[in-house]
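Given next are the chains, with one letter for each unit.
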Amino acid sequence: MCILISTGFFLCYISNLLIPKSYGHLDHFPHYNGGGDGVGRYYAYMGMDPEYARPYEITQITFSIQDFNGNDVYNVETMVEIYETLTGQRIAIYPWTLHNVGDFKINYVFPKIGNYQVVLSVANNNDSAINYNEIDPPRSILGNTQNCNCDRAVFNVSISSNFGSIYSTTMLMAVAGPIIVFGVVLGLTYRNRRKGGIYSKLSEKEMLKYSIMFLAIAAGLVHLAIFSEHGSRHIYYSVFLLAAGVAQIAYGISYVLITLTNESIYYKNKDSVMTYYRKTVILNLFGLLGTGVLLGLYTYSVIFPPPLSPTNEPEAIDLAGVLDKSLEIVLFAGIIYLMKWEKQRSQNQLVNIK
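Predicted model, so just to flag it, every value in this text is computed and none were measured.

K.L.:
Looking at this model, I keep getting lost on the packing of aromatic side chains. Mind explaining?
P.N.:
For any pair of aromatic rings, the description consists of the separation of the ring centres together with the inter-plane angle of the planes. All chains considered together, the criterion is met by eleven aromatic pairs. Three or more aromatic residues link up through ring pairs in this structure, and these residues are Tyr32, Tyr52 and Phe163.

Dropping the structure here:
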């Protein structure tokens, strides 16, 4: 376990040396309301909290203005306008303001369900055309910069009452549904085979084996639950967590499938015993190495700045991380125990066959 954790440290250290930094600065990865667009010599990101904003509720709109290399910019003058898409009417304006850094937030309450356009204006270096004492008139062409020494970006947002709940429920069903169906099918299959005399009653060690598999699936589900919010720091964070979650779930399901599909022929001859044992060794090594590396990466990230960190600071320790790593520590120890038990079980079976 120490070797695997050290491997995770080493991978993070090498990545910090080889991969350039990227800056996200948003609280979460905007995937419904928000996005990014070029604004003259800058690149601006916009995100909303909550992502699925509702009418008559306070919505926090976050902007992150950076250069095209992903670095912070300073002393930025901005103006923010909100237009109703259907009527083209400007319903809110936040006049020209000087920000010490390119990251800033505003709060707004959308008046009703519908589509809106958020216009971000960024002043150029020459301040002669920016009048802080007057409010710019509304425009029919939102990106028009006539009579304004500035550049503009337009972001489209959609406000609804129930879409967030519908989307979240759909995604939960898409993830949990197949696993639930899989579990029900396996349970019915096992019950039918026990009635047919193919399986005997599960021993305590076999129950422990299935518990370890469910631990792997649970850790994978935690990764699937948190992967999207890490995309604000860097998209590769979300890709990595998504891949880790899928791999953990695949490990747990594959082990259960191998057990159920090979149990009926396990006791017949030496070849079947060795084939089953080799499959478990390969699968358990995959689970052991993957879990060890994940533990190493997490340990590194809470002590040192992780690769591609936008803040160049260690990750905060949160409840989801503690829960996931607690599951993985138990899973790591369980896989080691499982490998020893499978080896001893196969050796005993080979002796019985002789």
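So, next bit.
K.L.:
I tried to follow the sheet that holds strand E8 (residues 150–159) on my own but got confused; where do I start?
P.N.:
Adjacent strands of a sheet form backbone hydrogen bonds with each other and so pair up, either parallel or antiparallel. The strand order across the open sheet formed by four strands is E5-E4-E7-E8, and the pairing between neighbours is antiparallel. Edge positions in the sheet fall to strand E5 (90–101) and E8, since each of these pairs with one other strand and no more. Mean inter-strand twist for the sheet, computed between neighbouring axes without regard to direction, equals 20 degrees. Two elements, strand E4 (residues 74–84) and E5, share eight bridges in a ladder whose sense is antiparallel. For isoleucine 82, the partnering residue across the bridge sits in E5 and is alanine 92.

K.L.:
Can you help me understand the sheet that holds strand E6 (residues 103–109) in this one?
P.N.:
Across the sheet, which stays open at both edges, the four strands sit in the order E1-E2-E3-E6 with antiparallel pairing between neighbours. Edge positions in the sheet fall to strand E1 (34–39) and E6, since each of these pairs with one other strand and no more. When strand polarity is set aside, the average angle formed by the axes of neighbouring strands in this sheet is 20 degrees. Where E1 and strand E2 (residues 42–49) come together, six bridges link them in antiparallel fashion. Opposite glycine 34, over in E2, you have glycine 47 as the bridge partner.

K.L.:
Sorry, what's going on with the nonpolar core here?
P.N.:
Note that soluble globular proteins tend to have their nonpolar side chains buried in a common cluster. In this structure, Ile61, Phe63, Ile65, Phe110 and Leu120 are the most contacted members of the largest nonpolar core, which totals 26 residues. Sorting the residues of this core by element identifies E2, strand E3 (58–66), E4, E6, strand E7 (114–123) and E8 as the ones contributing at least two each. When neighbours within four sequence positions are excluded, isoleucine 61 is seen to be in contact with Met46, Gly47, Met48, Ile82, Phe104, Lys105, Ile106, Tyr108 and Phe110. Listed in part, the 18 residues of the second largest apolar core include Val256, Tyr276, Leu283 and Ile335.

Criteria and cut-off values
- Residues numbered from 1 in each chain as written.
- Predicted model: local features only at pLDDT ≥ 70, side-chain atom pairs only at ≥ 80, totals over all residues.
- Heavy atoms only, no water.
- Phe/Tyr/Trp six-rings, centres within 6.5 Å; stacked < 30°, edge-to-face > 60°.
- Pairing = 2+ DSSP bridges.
- Helix = DSSP H or I, 4+ residues; strand = E, 2+ residues; numbered from the N terminus.
- Axes fitted to C-alpha atoms, helices over the stretch in contact; angles between N-to-C directions.
- Core = buried A, V, L, I, M, F, W, Y, C linked by side-chain atoms within 4.5 Å.
- Buried < 20%, exposed > 50% of the residue type's maximum accessible area, 1.4 Å probe, protein only.
- Contact = heavy atoms within 4.5 Å.

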